[in-house]
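Given next are the chains, with one letter for each unit.
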Amino acid sequence: MPLGRATDTKRNPMSFLHIIGMIAAIALIVGMAIYSGTKAKGPANDNSAGVVAGIIMGTLVGGSSTVGTAQLAYSFGMSAWWFTLGGGIGCLVLALVYATPMRAEKVPTVVGILRKEYGETVGLAASLLNTIGTFINIIAQLLAASAVVVLMFPAMGTQATIIIPAIVMVLYVVFGGTKGAGMVGIVKLVLLYASMVVCGVLALSLAGGLSGLVEMTRGYCAETGVNYFSVFARGVGKDLGAGLSLLVGVLTTQTYAQGVMSGKSDRTARVGTLAGAVLIPIIGVFGIIVGLYMRSVTDPATFLAKTALTQFVLDYLPPAVAGVVLGALFIASVGTGAGLALGISTILTNDVVKKFTHRFDAPDKADLLSKALIVVVLAGACLLSTGNLGDIIMNFSFMSMGLRGAVIFVPLTFALFAKGRVASIWALASVVVGPVAVLVGNLLALPFDPLFLGLAVNLVIMACGLVVSPKSSQ
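Note that the structure is a prediction, hence the values are computed from the model and not measured.

Thresholds, definitions, all that
Residues numbered from 1 in each chain as written. Predicted model: local features only at pLDDT ≥ 70, side-chain atom pairs only at ≥ 80, totals over all residues. Heavy atoms only, no water. Phe/Tyr/Trp six-rings, centres within 6.5 Å; stacked < 30°, edge-to-face > 60°. Helix = DSSP H or I, 4+ residues; strand = E, 2+ residues; numbered from the N terminus. Lys NZ or Arg CZ within 6 Å of the ring centre and 35° of its normal. Patch = residues over 30% accessible without salt bridge, like charges linked within 9 Å, V, L, I, M, F, W, Y side chains within 5 Å. Areas by Shrake-Rupley, 256 points an atom, 1.4 Å probe, with all protein chains shown as cover. Salt bridge = Lys/Arg side-chain N within 4 Å of Asp/Glu carboxyl O. Buried < 20%, exposed > 50% of the residue type's maximum accessible area, 1.4 Å probe, protein only. pLDDT = per-residue confidence, 0-100. Contact = heavy atoms within 4.5 Å. Expected span 1.5 Å × (residues − 1). Core = buried A, V, L, I, M, F, W, Y, C linked by side-chain atoms within 4.5 Å. Axes fitted to C-alpha atoms, helices over the stretch in contact; angles between N-to-C directions. Parallel < 35°, antiparallel > 145°, perpendicular 65-115°, else oblique. Left-handed = near helix turned anticlockwise from the far one by under 90°. Nonpolar A, V, L, I, M, F, W, Y, C, P; charged D, E, K, R; others polar.

### So, the packing of aromatic side chains
Move 1: One pass over the structure, following the stated rule, counts nine aromatic pairs.
Move 2: Ring geometry for Y293 versus F312: centroids 6.1 Å apart, planes at 85°, classification edge-to-face. Of the two residues, Y293 is situated in helix α12 (residues 266–296) and F312 in helix α13 (residues 308–316); the sequence distance between them amounts to 19 residues.
Move 3: What links up through ring pairs into an aromatic cluster is the set Y98, F409 and F417.
Move 4: The cationic tip of R295 hangs over the ring face of Y220; the distance from NZ or CZ to the ring centre is 5.8 Å.

### Considering a nonpolar patch on the surface
Move 1: The grouping of F232, V236, L240, F448 and F452 at the surface amounts to a nonpolar patch, some 390 Å² of accessible area in total.
Move 2: Mapped onto the elements of the fold, F452 is located in helix α18 (residues 450–468).
Move 3: Exposure remark for F452: the relative accessible area of 31% places this residue in the partly exposed category.

### Some words on the confidence of the model for the protein
Move 1: Chain-level statistics for the protein give a pLDDT mean of 83 and a share of 87% at 70 or above.
Move 2: Here helix α1 (residues 16–39) stands out as the least confident element of the protein, with mean pLDDT 76; helix α9 (residues 209–224) is the most confident, with 94.
Move 3: In this model residues 1–10 is a low-confidence stretch, pLDDT under 50, and it forms 29 contacts with partners more than four residues away in sequence or in other chains.

### Some thoughts on the pattern of salt bridges
Move 1: Inspection of every chain in the model, using the stated rule, returns seven salt bridges.
Move 2: The closest approach of N and O atoms between R103 and D266, which form a salt bridge, is 2.6 Å. Placement of the pair is R103 in helix α4 (residues 82–104) and D266 in helix α12, with a sequence separation of 163 residues.
Move 3: The buried category is assigned to R103, whose relative accessible area is 15%.
Move 4: A salt bridge links D239 to R234; the nearest nitrogen and oxygen atoms lie 2.8 Å apart.

### A short note on helix α5 (residues 110–118)
Move 1: Where burial is concerned, most of α5 is hidden: eight out of the nine residues are buried.
Move 2: Where α5 ends, the next residue or the one after it, G119, has phi of about 105°, a positive value.

### So, helix α10 (residues 236–252)
Move 1: Over its 17 residues, α10 extends 24 Å from the first C-alpha to the last, a length consistent with the 24 Å expected when each residue adds 1.5 Å.
Move 2: Within α10, 13 of the 17 residues are buried, leaving the element largely enclosed by the surrounding structure.

### Some details on the nonpolar core
Move 1: M102, Y118, I138, Y293, M294 and F330 are the most contacted members of the largest nonpolar core, which has 139 residues in total.
Move 2: Examining the composition of this core, we find that 17 residues originate from one element, helix α14 (residues 319–356), more than from any other.
Move 3: Contact partners of M102, with chain neighbours within four places excluded, come to L94, I113, L251, A257, M261, L412 and L416.

### Digging into the packing of helix α2 (residues 49–60) against α12
In a packed pair of helices, the relevant descriptors are the angle between the two axes and the axis-to-axis distance.
Move 1: Interhelical geometry of α2 versus α12 gives an angle of 40° and a closest axis separation of 7 Å. In terms of their interaxial angle, α2 and α12 are classed as oblique. Considering the relative orientation of α2 and α12, their crossing is right-handed. The residues of α12 that touch α2, namely those facing A49, V52, A53, I56, M57 and L60, are T268, A269, V271, G272, T273, A275, G276, L279 and I280.
Move 2: Looking at the contact of α2 with α12 residue by residue, the class counts come to eleven nonpolar, four polar and no charged.

Below, the structure written as structure tokens:
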């Protein structure tokens, strides 16, 4: 294919076959969620490695890993790999360094580890601040899912396109719980991977193979002055910060920790997490290929980069197949949002509500409360997702991961590997000041990712606590 702006994209509208294929894919996953939730037996901490992998990847691989990656690749090439590459590195570190110590704590939440080490005040502060960071990412997933819904119903209002995926998120996780989310995660990932492989291979073929894609990309470099071959195309500070956001986000997000803690043994938990470390970066490569190809057949001055993947699906796949792929992309966002909502409800149930009342100590009452909180969380996300936020899906995702990391990562590391050596006052200062430093860094327009500032502040505070006021001396 010659380099330049081709005019052969059809800009196909959604047809009846598109909608049938999409509904079939969505019905399969939602039906699986309901079935797995009603049939799953055994304790929540007796999952196989496959279910552990399903919980982690079913949440981490969502709209940002697919739609968002293709969008970023359209504008910056290989720099778009940082979300899935960072997620894979995070899973690797989680499996090799953090999984066994986390499981040894015998508590159901990441925040619970901080509460156990530093006390109730630190636990409550971390619960609320970590929940805010996770909540932001739910908004990103609702926006990504609504972008698919609007293809089906272009005349539908913004509120309706947000409410539909929120309802599906409720069905996805309320009826399935942790075990259901893991089982459904496996099915969803198989469907999503098949979809992304088809799209990536087809885009590579349309580009004239690897050599044709490389030649196209060289043209983009000359045309824009951006090195599309570099993973640091947006700047070393910004792209390293994006990768670091994913690394610390994976290590501090309740849903991923919940997957690790749900394994029936330390080895099972590590194997399931290592599967994520291998598989997650791969899916980003296919999204990058699609994004690069779509730049060659569209005009960047007028084309909406965020639709690169969905428009490719509409233009180049048979209608029924395209519908299934769009359904898989929809479920990718829904599954991530649902898993995050599950994580928030788990934290609020165990680390907030149960600390103030014993009314929900019974397992059945705790489960009912958790499901009610999921509905409340998603309703709140709907209310905040109706503005004009669609162009910043990836920004929300990176910011969410970074904020969670700035709250918990450093205090968690000290709690696991320097037990009893830091007084709670220092941990409280780190939990509160870290995310504040990140927000201030955003306002100052620093030349590097503000997460570096937040983590540096965390580290200085906790190091001072280690040296100045050892917990054992008080």
